[in-house]
Amino acid sequence: MTAPRPATADDLTGIIDLLDTIFRREKGVTDQSVLTDFPLLFAEENLENCRVIEQHGRIVSHAAVWPRTLDFSGQAIGVGIIVLVATEAQSRRRGLAAELMRDLQAAMPGLGCQLGLLWTGVPEFYQPLGWQTVNTPGWIASPSDTTNDRDHLLQVVDFDPPRHLDAIHQLHQSHTHHSRRTLHESAHLFSLPKCPVLVGESDGQAVAYLVDAQATNKRGLIEYAGGARDVWELVQHVVADRGPRRLLVFPTHAELADWAREAGWSIEPLGSSKGSGDEMVLVLDETLNDSPILRQLFCWGLDQA
């Protein structure tokens, strides 16, 4: 068994086979792969932030960090999103994943990460490694039926990169709380498999967008930007045309929860900015220990692992 080491391009086939087996095929998912679901994670420039352990020349355990920058009212916070922590079935209970996590956690400050962020169904695994559970403010809104009532103030069209990419990238970056993205990153994230993007146009200009995610790792109306009224019209459009969808209401668009209540939708606390599982934080910068940012921390949908 080797010690944890950064992944190389030669490891990629073995990594994807391991992770697709655990996170896709064993769950009956045959039309998605982690390679295309996480294109920026496995991009050449981030591959060294993937860690592996191998046995007899075969990858048996993997964990990765994806460094991001979150913007809180102009304050930049470096966040390392932990992604795809997994060990093959026959090699579990040997501490391999914990070993990979400790290696990543030691490297994260050097990557500019002040906080670690992850989503999990097994928080008890991460707690001994220093992680704490946090609750994200916001709501999950679900329609009680597929009403056809909706506003018709916008022209609603499918995302067309040549027409819309610049505009919806700027819409995302305009919020007081957002993940900082390059245009290149936005191009990848707005093209993820099974995550179609709808755009609302007014006088031929994109004024809002909404991601209608139906992927195994991202599900529901998970990301949007633009004026809250315009976003709500896009939500109405999706529900009327495509059936019930779960809407994650982030504090940046709190009005969406009010309109959903008025429309008879069920509302529950969000709890986790992914909408499921436990959200956990690792404080790497002690100046953030008592920061209100820990109580506001969320990562917009397409950056969620």
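Throughout what follows, the structure given in this document is the object of discussion.

Scoring rules and cut-offs
Residues numbered from 1 in each chain as written. Predicted model: local features only at pLDDT ≥ 70, side-chain atom pairs only at ≥ 80, totals over all residues. Heavy atoms only, no water. 1 Å grid on protein atoms, 1.4 Å probe; cavity = no way out; pocket = protein on both sides within 12 Å on 5 of 7 lines; lining within 4 Å. Points joined across faces, edges and corners; volume = space filled by probe spheres on them. Helix = DSSP H or I, 4+ residues; strand = E, 2+ residues; numbered from the N terminus. Nonpolar A, V, L, I, M, F, W, Y, C, P; charged D, E, K, R; others polar. Polar contact = N/O pair within 3.5 Å; in protein donor to acceptor, adjacent residues only side chain to side chain. Contact = heavy atoms within 4.5 Å. Salt bridge = Lys/Arg side-chain N within 4 Å of Asp/Glu carboxyl O. Buried < 20%, exposed > 50% of the residue type's maximum accessible area, 1.4 Å probe, protein only. Phe/Tyr/Trp six-rings, centres within 6.5 Å; stacked < 30°, edge-to-face > 60°. Lys NZ or Arg CZ within 6 Å of the ring centre and 35° of its normal.

Once that is clear, we can look at the layout of surface pockets. By volume, the largest pocket is sized at about 1,100 Å³. Every residue lining the largest pocket is counted, 38 residues in all, and those nearest its centre are Phe23, Val85, Thr120, Val122 and Tyr126. If you list the elements that add at least two residues to the lining of the largest pocket, you get α1 (12-23), β4 (75-87), α3 (96-107), β5 (115-120), α4 (123-126) and β12 (219-226). A breakdown of the residues in the lining of the largest pocket according to their chemical character gives 19 nonpolar, 10 polar and nine charged.

Considering the arrangement of structural elements, one finds glutamate 233 in helix α7 (residues 228-242). Only 2.9 Å separates the side chain of glutamate 233 from the backbone nitrogen of leucine 154, close enough to count as a polar contact. Once you skip the residues sitting within four places of it in the chain, glutamate 233 turns out to touch Asp151, His152, Leu153 and Leu154.

Oppositely charged side chains can pair when the atoms bearing their charge come close. Scanning the model with the defined rule gives 17 salt bridges in all. In this structure, glutamate 88 engages arginine 58 in a salt bridge whose closest nitrogen and oxygen atoms are separated by 2.4 Å. In this pair, glutamate 88 is assigned in the loop between β4 and α3 and arginine 58 in strand β3 (residues 58-72), connecting sequence segments 30 residues apart. A residue is classified by how much of its surface remains accessible, and arginine 58, at 41% relative accessible area, is partly exposed. Salt-bridge contacts for aspartate 303 lead to arginine 68; the nearest nitrogen and oxygen are separated by 2.9 Å. One end of the pair, aspartate 303, is in the segment after α9 (293-296); the other, arginine 68, is in strand β3, with 235 residues separating them in the sequence.

Take the environment of alanine 106 next. Locating alanine 106 in the fold gives a position in helix α3. The exposed category is assigned to alanine 106, whose relative accessible area is 63%. Separated by 178 residues in sequence, alanine 106 and leucine 284 have C-alpha atoms that sit 9.6 Å apart.

The subject of this paragraph is empty space enclosed by the protein. A complete count under the given rule lists two cavities of 30 Å³ or more for this structure. Roughly 80 Å³ of volume is contained in the largest cavity. Partitioning the lining of the largest cavity into residue classes produces 10 nonpolar, one polar and three charged.

What follows covers the packing of aromatic side chains. Inspection of the entire model under this criterion finds six aromatic pairs. A ring pair is formed by phenylalanine 125 and tyrosine 126, whose centres lie 4.7 Å apart and whose planes are at 85 degrees; its orientation type is edge-to-face. Ring geometry for tryptophan 232 against tryptophan 265: centres 5.3 Å apart, planes inclined by 55 degrees, an arrangement best described as tilted. In this pair, tryptophan 232 is assigned in helix α7 and tryptophan 265 in the loop between α8 (255-262) and β14 (266-271), connecting sequence segments 33 residues apart. Here tryptophan 232 and tryptophan 265 have matching classes, each one buried. The rings of Phe125, Tyr126 and Trp131 are connected pair by pair, giving a single aromatic cluster. Directly above the ring of tryptophan 66 sits arginine 68, whose terminal nitrogen or CZ lies 4.1 Å from the centroid. Lying across the ring of tryptophan 259, arginine 229 places its NZ or CZ 4.0 Å from the centre.

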